[in-house]
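Residues per chain are reported as follows:
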Amino acid sequence: MHPYRTHTSGELRKSHVGDVVRLSGWVFRRRDHGHFLFIDLRDHYGITQIVFHPERPFFDQATHLRYESVITITGKVIAREPTTVNPNMPTGEIEVVVDELTVQSMAEPLPILVDGKEESPEDLRLKYRFLDLRRDKLHKNIVLRQQVISSLRRRMTESGFMEFQTPILTSSSPEGARDYLVPSRIHPGRFYALPQAPQQFKQLLMVAGFDRYFQIAPCFRDEDARADRSPGEFYQLDIEMSFVTQDDVFAAVEDVIGGLFQEFAKKKVDVTPFVRITYADSMLKYGNDKPDLRIPIEIRDVSQLFAASEFQAFKSAVAGGGVVRAIPVKGVADKPRSFFDKLVEFAQGIGSKGLAYLVWTPETVKGPLAKFLKPEQLEELKTQCGVGIGDAIFFVCDKKDAAAKLAGLIRVKIAKDLDLVEPDTFRFCWIVDFPMYEWDEENKCIAFSHNPFSMPQGGMEALMTKNPLEINAFQYDLVCNGVELSSGAIRNHIPEIMYKAFEVAGYGPEVVDRKFGGMINAFKLGAPPHGGIAPGVDRMVMLLADESNIREVIAFPMNQKAQDLMMNAPGEVSEKQLRELHIHIDPKVLAAQSLG
RNA sequence: GGAGUGGUAGCUCAAUUGGUUAGAGUACUAGCCUGUCACGCUAGGGGUUGCGGGUUCAAGUCCCGUCCAUUCCGCCA
């Protein structure tokens, strides 16, 4: 007989009755009746009830087994009496009567509970992550993650993509997020950087002629955490394809991601092809570039109407280049005054000067703005915004970008407060036609708004003739339920257009040669048109597991301050290690540490 | 770097207007219990109320500072 087990704790059924079996696992629950003892033995596969009788010499030892101790038992499978069958567990028709007991590992009292639903403080959960991972929910999340990654690999391979590995120690890239740096021992004063994404490598693989690349790629960015953004590292399904248009990339991703969600989602999933929304439209209708389409509210621009109105605050704002955005909401006319007051307060809290509104009651149109608008203007608003009796419209007025953002936040706030978010659905969309450049207010210059390697729409001619701020890029995002799942682009593979694109952003050709020398040289030696995308694996698992925090789908996440509380990272290193790396710690830092 | 929320037993939480010895569940220890399945029952141990200062006859409770956690903003090509 195997020293540890003949079966797992999830597999014994009525058909095994009479068999002598050996099981190993954790003491999950314990029910001590004095004259006999039940233990629910748990392993990865399930739970089996085992029974100890007092005449056994190890009975006393068994009654003192603490929770989460690891034991091996040998015994006979017996059928339970009909009245004691537990229909809630797959193994509930049988139990194992223990003839031999080996304690493999006695557990000390636990710092967090494995059983039960109550959540412990997150710093404790992270310190004892191996215990936390035994809890049913987290255990299932990690299993789901594995299944998702496995499915992605299969789908990509079946679609003709090849999986590659790219370097983890590479060079710092000048654009983008803060890098994680690794000091070089052999080259004093020089550093490797961990890749923020394998961006240049995957493009170089296209230049190398491999045609279709993918990788479940680790990406490292030294930026502050959010609920949906784990600090340190995260994983992308990194994709790149040669000789493709934007439509080809969309079709490939819709196959893989659409199929993945169909396979794993417990909710309704949009059918492919996914809706496409231009960046400009998205900013107007939803107030951001990652719209949650489960919310049935569309923002409207009503600047012209107010320009012709008698409401001076809006009228003069529009005359000064501002805009007025309307947020129509159905069926709130009978809400109490406090509902409207709270929204005004919310709007002010996020930086709006105010929040005007109109309410259509059966008798009249109420609200602070009503007296400034003529009946025909009210009628026009009603038509433009698609409202009727019983509905309301909220208005924000500001500069274009600010108004869009405010209206977007208010749209989401209203939807959540009124429970308007469509439940149990994954709503996908593509956001397309991102601007190539944006105005950098801080440095008073034109800057790349996304990826500097994107192909500008219109190519060289657009760069030569158009206002840079009006050039769009072949740059796109995939969005699901208000979560940015993925960002990608058709790349700029033509050196002349690359130099020109950087010139517009204020960089000379020497900068391109120095910073992106590897890639620009490659493009001079025969580069195929190519493009790609990189869906976030952690975020997809998060959506599929219905978790609001990304740490719930990562086995060993860091906390918000980018510390691993279990492994004590980042940690101190020896003087010798520092010497070898030619690194001196600032004495001020050392002094502060010794005080702390 | 900024803002909000929180911090009481190993864990989850309670404690009235500032007022007696800071309680309960769970875990832990000891005991009882012949069919439980979150078993039940009895008893016991377990507290610098995050830390420091202040107001007060009296502070878990009020004030100031600070630390920690978390959420958001900044940041994330």
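This write-up is about the structure you can find in this document. Starting from 1, residues in each chain are numbered consecutively following that chain's sequence as written. The naming scheme follows written order: chains are lettered A onward, ligands numbered 1 onward. Under the rules for a predicted model, residues below a pLDDT of 70 receive no local features and side-chain atom pairs below 80 are neither given nor counted, while totals for whole chains, interfaces and linings still include all residues. Excluding hydrogens and water, the side-chain figures rest on all heavy atoms present in the structure.

### A few points about the overall build of chain A
Looking only at helices and strands, one finds 19 helices and 24 strands in chain A. Based on the C-alpha atoms only, the size of chain A along its principal axes is roughly 95 × 75 × 60 Å. The accessible surface values rely on the Shrake-Rupley method and a 1.4 Å probe; as for residues, cover is taken only from the protein chains in view. If you sum the accessible surface of chain A, you get close to 30000 Å²; carbon and sulfur atoms cover 53% of it. A residue counts as positive if it is Lys or Arg and as negative if it is Asp or Glu; His and the chain ends are not included. Charge coordinates come from a single atom per side chain, which is NZ of Lys, CZ of Arg, CG of Asp or CD of Glu. Each charge class in chain A can be summarised by its mean position, and for the 71 positive and 81 negative side chains these summaries are 2 Å apart. By definition, any uninterrupted DSSP run of H or I lasting at least four residues is a helix, any uninterrupted run of E lasting at least two residues is a strand, and each is numbered from the N terminus.

### Focus: the environment of Ala407
Mapped onto the secondary structure, Ala407 falls in helix H12 (residues 400–417). Along the sequence, Ala407 and Val114 sit 293 residues apart, while their C-alpha atoms lie 44 Å from each other. Once you skip the residues sitting within four places of it in the chain, Ala407 turns out to touch Ile299, Arg325, Ile327 and Val396. Any pair of residues with heavy atoms lying within 4.5 Å of one another is described as a contacting pair.

### Some points on the pairing of strand E22 (residues 475–480)
Most of E22 sits inside the fold, with six of its six residues counted as buried. Criterion used throughout: strands pair if DSSP finds at least two bridges between them. In terms of strand pairing, E22 meets strand E23 (residues 483–490) through six bridges, oriented antiparallel. Across the sheet, residue Val479 finds its bridge partner in E23, namely Glu484. Hairpin geometry of E22 and E23 is characterised by an intervening segment of two residues between the two adjacent antiparallel strands and by a positive phi of about 50° at Asn481. Residue burial is assigned from relative accessible area. The probe radius is 1.4 Å, only protein chains are included, and a residue is buried under 20% of its type maximum, exposed over 50%, and partly exposed in between.

### A word on a nonpolar patch on the surface
Patch construction takes residues with relative accessible area above 30% that form no salt bridge. Like charges are linked within 9 Å, and nonpolar side chains (Val, Leu, Ile, Met, Phe, Trp, Tyr) are linked within 5 Å. By definition here, a salt bridge exists when the distance from a side-chain nitrogen of Lys or Arg to a carboxyl oxygen of Asp or Glu is within 4 Å. Residues Ile585, Val589 and Leu590 make up a contiguous nonpolar surface patch of roughly 230 Å² in combined accessible area. Along the chain, the position of Leu590 falls in helix H19 (residues 587–595). The partly exposed category is assigned to Leu590, whose relative accessible area is 43%.

### Quick look at the protein's contact with RNA strand B
For each residue, the test is whether any non-hydrogen atom lies within 4 Å of the molecule or strand; if one does, the residue is near. Around RNA strand B lies a shell of 47 residues, among which Asp32, His35, Thr84, Glu223 and His450 are the nearest. Sugar and phosphate atoms constitute 60% of the interface atoms of RNA strand B, taking the interface as everything within 4 Å of the protein. Throughout this description, a polar contact denotes any pair of N or O atoms lying within 3.5 Å of each other; where both atoms belong to protein, one of them has to be capable of donating a hydrogen while the other can accept it, and for residues adjacent in sequence the pair is counted only when both atoms sit in side chains. One of the backbone nitrogen or oxygen atoms of Pro111 is found 3.3 Å away from a sugar or linking oxygen of RNA strand B. Within the contact set of RNA strand B, a phosphate oxygen lies 2.6 Å away from a side-chain nitrogen or oxygen of Asn549. If one sorts the elements of the surface near RNA strand B by residue count, strand E1 (residues 20–32) sits on top with four residues. Polar here means any residue outside two lists: the nonpolar Ala, Val, Leu, Ile, Met, Phe, Trp, Tyr, Cys and Pro, and the charged Asp, Glu, Lys and Arg; Gly therefore counts as polar. Here the residues of the surface near RNA strand B sort into 12 nonpolar, 16 polar and 19 charged.

### Thoughts on the sheet that holds E22
Strand order in the open sheet formed by eight strands is E6-E9-E10-E24-E23-E22-E19-E12, with mixed pairing between adjacent strands. Two strands bound the open sheet, and with one partner strand each, they are strand E6 (162–163) and strand E12 (275–278). One ladder, built from four bridges, connects E12 with strand E19 (residues 428–432); its direction is parallel. Within E19, the residue paired with Thr278 across the bridge is Val432. The convention used is that axes are lines fitted to C-alpha atoms, helices contributing only their stretch in contact, and that angles between N-to-C directions extend from 0 to 180 degrees. Contacting E6, strand E9 (212–221) and strand E10 (232–242), helix H4 (residues 136–158) crosses the sheet at an angle of about 145° to E9. Against the sheet, helix H5 (residues 199–207) touches E9, E10 and strand E24 (530–533), its axis set at about 20° to E10.

### A word on H12
Side chains three or four residues apart in an α-helix point the same way, a direct result of the helix having 3.6 residues per turn. To estimate how far a helix should extend, the number of its residues minus one is multiplied by 1.5 Å. Compared with an ideal rise of 1.5 Å per residue, which puts 18 residues at 26 Å, H12 spans 26 Å between its outermost C-alpha atoms and is within 8% of the ideal. Among all positions in H12, only Ala403, Ala404, Leu406, Ala407, Gly408, Ile410, Arg411, Ile414 and Ala415 are buried. Phi turns positive, to about 60°, at Asp419, one or two residues after H12.

### Quick look at unusual backbone geometry
Each neighbour pair has its own omega, and for Thr272 with Pro273 the value is -5°, a cis peptide bond. The topology assignment puts Pro273 in the loop between strand E11 (268–269) and E12. The omega angle of the peptide bond from Ala569 to Pro570 is -5°, so this bond is cis rather than trans. In this model, Asn481 sits at a positive phi of 50°, which is unusual for a non-glycine residue. On the accessibility criterion, Asn481 (9% relative accessible area) is buried. Positive phi values are uncommon outside glycine, yet His582 reaches one of about 60°. Mapping His582 onto the fold places it in the loop between helix H18 (575–580) and H19. The exposure class assigned to His582 is partly exposed, which follows from its relative accessible area of 38%.

### Here we look at the packing of aromatic side chains
Only Phe, Tyr and Trp rings are paired, with Trp represented by its six-membered ring, and only when their centres lie within 6.5 Å; those with planes under 30 degrees apart are stacked, over 60 edge-to-face, the remainder tilted. A complete count under the given rule lists 25 aromatic pairs for this structure. Geometrically, the ring pair formed by Tyr128 and Phe130 is edge-to-face, given 6.2 Å between the ring centres and 80° between the ring planes. Overall, Tyr128 belongs to the partly exposed group, its relative accessible area being 24%. Relative to Phe434, the ring of Tyr279 has its centre 5.0 Å away and its plane inclined at 40°; by these criteria the two rings are tilted. A residue pair is termed long-range when its members are at least 10 positions apart, and Tyr279 in helix H7 (residues 279–286) and Phe434 in the loop between E19 and strand E20 (437–440) qualify at 155 residues. On the basis of relative accessible area, Phe434 is assigned to the buried category, the value being 1%. Three or more aromatic residues joined by ring pairs form one cluster here, namely Tyr437, Phe448, Phe453, Phe502, Tyr507 and Phe516.

### Topic: the nonpolar core
We call a set of buried residues a nonpolar core when its members are Ala, Val, Leu, Ile, Met, Phe, Trp, Tyr or Cys and they connect through side-chain atoms within 4.5 Å of each other. Core analysis: the biggest nonpolar cluster contains 69 residues, and Leu152, Leu237, Ile257, Phe261 and Phe428 have the highest contact counts within it. Sort the elements by how many residues they give to this core and helix H6 (residues 246–264) lands first, with nine residues. Listed in part, the 23 residues of the second largest apolar core include Val344, Ala347, Val359 and Ile414.

### Thoughts on the pattern of salt bridges
Two side chains bearing opposite charge may form a pair once their charged atoms approach each other closely. Tallying each qualifying case throughout the model produces 41 salt bridges. Arg551 is paired through a salt bridge with Glu122; the nearest N and O atoms lie 2.7 Å apart. You can see Arg551 sitting in the loop between helix H17 (537–544) and H18 and its partner Glu122 sitting in helix H2 (residues 122–127), a full 429 residues away along the chain. According to the relative accessible area criterion, Glu122 is partly exposed, its value standing at 26%. In the salt-bridge network here, residues are joined through shared partners; they are Arg125, Arg129, Asp132, Arg135, Lys137, Glu547 and Glu552.

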